[in-house]
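# Chain and residue survey
These are the residues of each chain, in order.
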There are 2 protein chains.
Amino acid sequence: MTRFIVAAVATATAVAAASHAHADEGMWMPQQLPQIAKAMKAAGLKTDPQQLAKLTEFPMGAVISLGDCTASFVSPLGLLVTNHHCAYGSIQVNSTPERDLLKNGFLAASLADELPAAPGTRVWMTVAVSDVTAQVIDARTALLTGKARIDAIEANEKSLVAACEAEGGAPSGYRCNVASFFAGVQFQLVKQLEIRDVRLVHAPAQGVGLFGGDTDNWVWPRHTGDYSFYRAYVGADGKPADFNAANKPFVPPHHLTVASPVTSPLNAGDFVMVAGYPGRTNRLRLPSEMDFAFSVSQPARIKAMGESLDIIAEATAGRRDAEIKLADTKAGLGNYYKNLQGQQESYDFDTTGILARKTATFDALARWVNADAKRQALYGADLVRTAQLLAARQATARAEFLLQYTTPQLLASARTLYLLAQQQTLPDAQRKAGYQARDLLRHRQALEVLDLRHDEATDKRRAAHFLAQYLAGPADSLNAPLLAALGLRPGMDEAAVKARLDAVYAASQLADKAERLAWLNRDAAAFQASSDSFIAAAVALYADDERRETRDKELAGQLQAPYARTLQALIAFKASQGQVLYPDANSTLRVNFGTVTGRTPGADGSIWTPFTTLRGIAAKHTGSGDFNAPQNQLDAIKAGKASHYGPYGVKALGGSVPVNFLATLDTTGGNSGSPVLNGKSELVGLLFDGTLDAVIADWDFNPKTTRSIVLDTRYMLWQMTYVDKADRLLREMGITAK
Amino acid sequence: MTRFIVAAVATATAVAAASHAHADEGMWMPQQLPQIAKAMKAAGLKTDPQQLAKLTEFPMGAVISLGDCTASFVSPLGLLVTNHHCAYGSIQVNSTPERDLLKNGFLAASLADELPAAPGTRVWMTVAVSDVTAQVIDARTALLTGKARIDAIEANEKSLVAACEAEGGAPSGYRCNVASFFAGVQFQLVKQLEIRDVRLVHAPAQGVGLFGGDTDNWVWPRHTGDYSFYRAYVGADGKPADFNAANKPFVPPHHLTVASPVTSPLNAGDFVMVAGYPGRTNRLRLPSEMDFAFSVSQPARIKAMGESLDIIAEATAGRRDAEIKLADTKAGLGNYYKNLQGQQESYDFDTTGILARKTATFDALARWVNADAKRQALYGADLVRTAQLLAARQATARAEFLLQYTTPQLLASARTLYLLAQQQTLPDAQRKAGYQARDLLRHRQALEVLDLRHDEATDKRRAAHFLAQYLAGPADSLNAPLLAALGLRPGMDEAAVKARLDAVYAASQLADKAERLAWLNRDAAAFQASSDSFIAAAVALYADDERRETRDKELAGQLQAPYARTLQALIAFKASQGQVLYPDANSTLRVNFGTVTGRTPGADGSIWTPFTTLRGIAAKHTGSGDFNAPQNQLDAIKAGKASHYGPYGVKALGGSVPVNFLATLDTTGGNSGSPVLNGKSELVGLLFDGTLDAVIADWDFNPKTTRSIVLDTRYMLWQMTYVDKADRLLREMGITAK
């Protein structure tokens, strides 16, 4: 229930992290692993490190992205294992008050019983990666600045992507993306097979998969059975296809094998590595960015998120249908909220000098640059320029902060629809990124799924709350087009805003799914002629939306080169000290290694030992709320006193079954569901969380405090064997023990 | 928030615990301390152990009972310190939605601003204890059995109490009680000064005093500022008096001094002792009693309490006035609920053989008795008889279990009132214990305070819920008088019961305080003529209430001698093995000693270290719910980074201030608020909790796992000095440091 949210706080320009090859830290690109082969062997890797660098071979070929999570193939029939919290949306959309899969869990009796995952669920399997830096920043682009530079970069990227996706004829079933490393110092073209028929196979009961809930989120000791199973399906021809009952399970090129609890038992101190798709880290942000984040933007965000959570709780109380609709939103928001609070707390009460260290690094960089005329000429101006432009960007972010919270969901849909209609008048290659033909299906699915996640009463309350807050600001600071479009006035209170929203909602048909989807086929003129209130508002806001986008692109384009050169300077500076860098996380495949290790001190008043056990589930169980283990599980735990839990009990743990473990792994949001492998590349765990007092690692990695929390596969197998009787899946994974 | 509830599960006959003098275990009677003096000195006691045996001298003379909690004098002006959760009821009754002392805390600016504590709040200071075994079981009584024996014991006790309380003329201001030790093997007459003008002086904000709330209740690591201050007031003549603005602070014979953080800093491994009034333990219960408790009565109780808590939460949701009214009930119930769950969990998942060990002890006792003809003659029949009678008592308890949950609060009041009226026709000495002249004020206050704790909607829902459950039982098992009195029929569902209760409530005036109190002055005939529905129901139920009481007394009287002789046999058996016994807790003053020590293992997945610090408050703070520290406290914690927290910071704790600590102290409900003293008898802490995985210690003490949780006085002083600015009280306690 954790590393799910890929920080939306990150801006367009990705940045990077500096380190020499230090075990525990480092989200290494697989192709970098041969460089750190010696350290990995010394730490306990038993296989050839060269093998890990090969993306399409075992084991990396078995690791796939779900977009905001990671999963891995665990059978020759496309069975995928990931976290329960990663499959949460799919469990939710298949749940009703009468058939509450969220609460009771789900186990498909046969292939035919497997349920379609939430619309939009995709499996992306990386098949090729190539360096395209010279094509993205070609000679012509290198001379540009401002919006022209961003437009040129986007055009180059789009053309690379289009060519890549066209290989093998359309629809190729491939999705390509250009990823930026080191803040635009390097670009890679990533080609992925995109499987779009994904089905829910098995999820344990909420009392297992979410055991501990919000209370235990980001907490150790932990006892969460955070696993679920999907299956990838393809058409009869073996190629990706839309959902169809006749589709067949995908045969993956490679799949992982679960480590045997008998012949490969995982112990404290053992080597582990994790492969996955971490979303975003900010370890090489400039000092001013860190200062702004923790002094301005994150505190404001924490406040707004707390208010949003309160509103959801109040507005859905006692309405189980609304609760189910908002469950996923609430879980995601609550998780991110707790994460940001943890970061903020570490920063506010820091005694190690996080900002001072960062400032010292960049001061040293500046001294190093200015100490040499050639370096000064190369980088000097860019360092200054970057600082100026970041300040300008921060001013805008501050002024427009609340806007992101004020938009009714249906208005957001209307804006997307109108922008799509506008963009469809252009040749596909000239359309904005995200609004091309290749993006239409994703938009359609988002519009479809809205029904399952939209609760009008909650949405109105939320929007009214933040609009009233926004309208309380200085009148001359307010966005006039927004006020005009929704009929708002400066200083209106929440009740007045709410009354306006009632009227706007009443005058729109967009809550109706068919009506909403129909707009996908209408042209801009139809929007302009419409009297639907949200459509009309989207049309009225369009010019200002475009103006702000242009303004932001202009700034981003001015910043792109100086920022990249600042990072280049840092790379050179660190290299001069003999240090190797790994890039900051950017949702591409990364590998990290470490060991199974507790922590001293743990939380204030404790030391953490590396494993939890079944015994702790019974100890935490209260029978309600966050600690409500299923009775059949509790019975099995009790029964286990005598039977020693089959092959899954561990003598060193008093004979009990390990549930979760701590490891010195460097992970972040997006890593959820990542396979954790032992030195023989066998599956020993699923990464699912970190600890709240170390989520600041996204900005400042501290090897003393940073631990990842991993589901022990022995717990998953025990639960599937003795409680949920998932025999079909166990056989499919080659598990014979009982 | 914890050791508040004195287990209501205990029956009339108290039992006792066996042990030789083992540090950490043993709730010693002060007069036993010279027997274990050597062990105490070896453990680190610096003062004369003989001194501790003197109840009216320093330090024991400073330790007083609040009934269900302990407190101690900490100034020459009657200032008392106890736990926040012990003063919770007094904070609650002084709170309104407009002036929410529960939430914001309270600090009286001067003596005149100190607020009356909750009606019924008393300070009981022990002034004398004498052995009265020969008077309670005198020669005549020793020959009796059944109800006659109980009546004779009660008569003897009442006459001892009356004589004791008459000393010095009426109203003497003394309250006397006869306490039973070792299940009636020994009786003591305890004489206490009863101070009845008690005022609330200071309570921190709920975010301090209840920090962690239900989530952290019975949990380590812990960060609760569980302290509050009362003051004892007496009349101008220095004698106990009813509340009067002209009353003066009581000058106690002795008061404790808070240990200096500079000259007497408490460290890990240090000797500590605790003096207080533990309520009830069950360590020497017979095997059949333990089996019945954990197989039948406690599981049923846990279920009913969980349902009660759900009903309170639902029925008061969104009504802040009802929430405040039920806050104390809910907190107490929730606390007891969690305690019982913890006991049950330890028992259900026990791997150490709790019941087997108990059974082995009593089997060995039986063998020892039967191995010798004289012993066989002395005890043999009693051992058998005790087992038979306990089985009979369990059968009744099982059949009537639900009745205790079915009574509307106003019906309970009506029953009390009618019984008082009936009893008042008898000479005082012949009235039932608890219904004599000396008890009237307590009854009056309970009737007064009902207004502040009674919410009709909640009460109806609770009663209807359990009545419907009760009525679903076999028709021939139901209590006919109860059904007749409330107009109920077997098998009625909750809605039908609720409709009946609506009618009964509507036909009663008892919800009106004046009306309720007026019944205190009416005779039995007036009750019998009344058409008030609850009064009429009480009259209708009276005969059956008496019948059941008589039945229970008959059984208790049959059991009294055999049970006491069983315990005598055990004492003799243990003595033959060289072991000394301490009696089970019975709300009399006890002393226990141990050391400041963490625990390995702690919770599953952790090791506990002995101290928590301010740093952990900031880490746990979320800004809402159970972890909502006040902003001024958080600011002071942040500021403390530089200033080292005045004299309260501890280098070994990273310079932070210790908040709570763990000690190997043997405590239970009733010990809450107990002063924890260092080897020099200086106040270093307030006992306030244990850990949930060791509350089974009430039945089965395990020195490896049992720890008490103590508020460190350095945290209290830091909070009072730097956050709450309680300068007046600090000066009064002689604290000058800042």
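Everything numeric here is computed off the predicted structure, so don't read it as measured data. Note on numbering: residues in each chain are counted from 1, in written sequence order. Chains and ligands are labelled by the order in which they are written, letters from A for the one and numbers from 1 for the other. Thresholds applied to this predicted model are a pLDDT of at least 70 for local features of residues and 80 or more for the giving and counting of side-chain atom pairs; totals over whole chains, interfaces and linings are not thresholded and use all residues. As a rule here, side-chain values come from all non-hydrogen atoms in the structure, and water together with hydrogens is ignored.

## Describing the interface of chain B and chain A
How big an interface is tends to be stated in terms of the accessible area lost upon association of its parts. Which entries qualify depends on this criterion: For this analysis, residues touch if any pair of their heavy atoms sits within 4.5 Å. Once two parts are put together, the accessible area they lose, assessed with a 1.4 Å probe and summed over both, is termed the buried area. Starting at the N terminus, helices and strands are each numbered in turn, a helix being any DSSP run of H or I of at least four residues and a strand any DSSP run of E of at least two. In this scheme, strands are said to pair when DSSP sees at least two bridges between them.
Taken together, the contact pairs 29 residues of chain B with 29 residues of chain A. Around 2400 Å² of area is buried between chain B and chain A when both sides are counted, 53% of it from carbon and sulfur atoms. Taken together, the elements giving at least two residues each to the side of chain B that touches chain A come down to helix 11 (320-348), strand 16 (606-608), strand 17 (611-613), helix 23 (614-620) and helix 24 (631-643) of chain B. Alignment of strand 16 (residues 606-608) of chain A against strand 16 of chain B, held across 3 bridges, turns out to be antiparallel. Bridging from a neighbouring strand, Ser 606 of chain A pairs with Trp 608 of chain B of strand 16 of chain B.

## Some remarks on the packing of helix 12 (residues 354-370) of chain A against helix 22 (residues 533-576) of chain A
All names here are of chain A. Short version of the rule: Here the axes come from fitting lines to C-alpha atoms, over the contacting stretch only for helices, and the angles between their N-to-C directions go from 0 to 180 degrees. Any angle that falls under 35 degrees is termed roughly parallel, while one over 145 is termed roughly antiparallel, one within 65 to 115 roughly perpendicular, and all others oblique. Each residue receives one of three labels: charged for Asp, Glu, Lys and Arg, nonpolar for Ala, Val, Leu, Ile, Met, Phe, Trp, Tyr, Cys and Pro, and polar for the others, Gly being one of them.
At a minimum axis separation of 10 Å, helix 12 and helix 22 run at an interaxial angle of 85°. Considered as vectors, helix 12 and helix 22 are oriented roughly perpendicular to each other. Between helix 12, through Thr 361, Phe 362, Ala 364, Leu 365, Trp 368 and Val 369, and helix 22, the contact on the second element is made entirely by Thr 566, Ala 569, Leu 570, Ala 572, Phe 573, Lys 574 and Ser 576. Grouping the constituent residues of the contact of helix 12 with helix 22 by class yields 9 nonpolar, 3 polar and 1 charged.

## Overview of the state of the cysteines
All names here are of chain B. Here is the rule: Cysteine sulfur pairs qualify as disulfides if the two atoms are within 2.5 Å. Buried residues are those whose accessible area, probed at 1.4 Å on protein chains only, stays under 20% of the maximum for their type, while exposed residues exceed 50% and partly exposed ones sit between those limits.
The full count for this structure, using the stated rule, is 4 disulfides over all chains. Linked covalently through their sulfurs, Cys 69 and Cys 86 form a disulfide whose S-S length is 2.1 Å. One quick way to see it: the torsion about the S-S bond of Cys 69 and Cys 86 is about -80°, and its sign makes the bridge left-handed. Here the residue Cys 69 occupies a position in the loop between strand 2 (63-65) and strand 3 (70-73), and Cys 86 occupies one in the loop between strand 4 (79-82) and helix 3 (88-93), the gap between them amounting to 17 residues. Given a relative accessible area of 1%, Cys 69 falls into the buried group.

## With respect to the domain arrangement of chain A
Residue and element names in this part refer to chain A. Condition: Reported domain spans reflect what an automatic or database domain assignment gives. What makes a salt bridge here is a side-chain nitrogen of Lys or Arg within 4 Å of a carboxyl oxygen of Asp or Glu, nothing more. We define a polar contact as two N or O atoms separated by no more than 3.5 Å, with the added condition that, inside protein, one atom must be a possible hydrogen donor and the other a possible acceptor, whereas residues neighbouring each other in sequence contribute only through side-chain atom pairs.
Assigned domains within chain A: domain 1 (1-122 + 196-282 + 583-738) and domain 2 (287-355 + 413-552). Taking only C-alpha atoms, the centre of domain 1 and the centre of domain 2 are 32 Å apart. Both sides of the domain 1 and domain 2 interface together cover about 2700 Å² of buried area, and 61% of this is carbon and sulfur. Of all residues in domain 1, the largest losses of buried area upon contact with domain 2 belong to Gln 92, Ile 696 and Trp 699, amounting jointly to 23% of the total for that side. Between domain 1 and domain 2 we count 1 salt bridge in total. As a salt-bridge pair, Arg 320 and Asp 100 come within 2.9 Å of each other at their nearest N and O atoms. Summed over the shared surface of domain 1 and domain 2, the number is 13 residue pairs in polar contact (both at pLDDT 80 or more).

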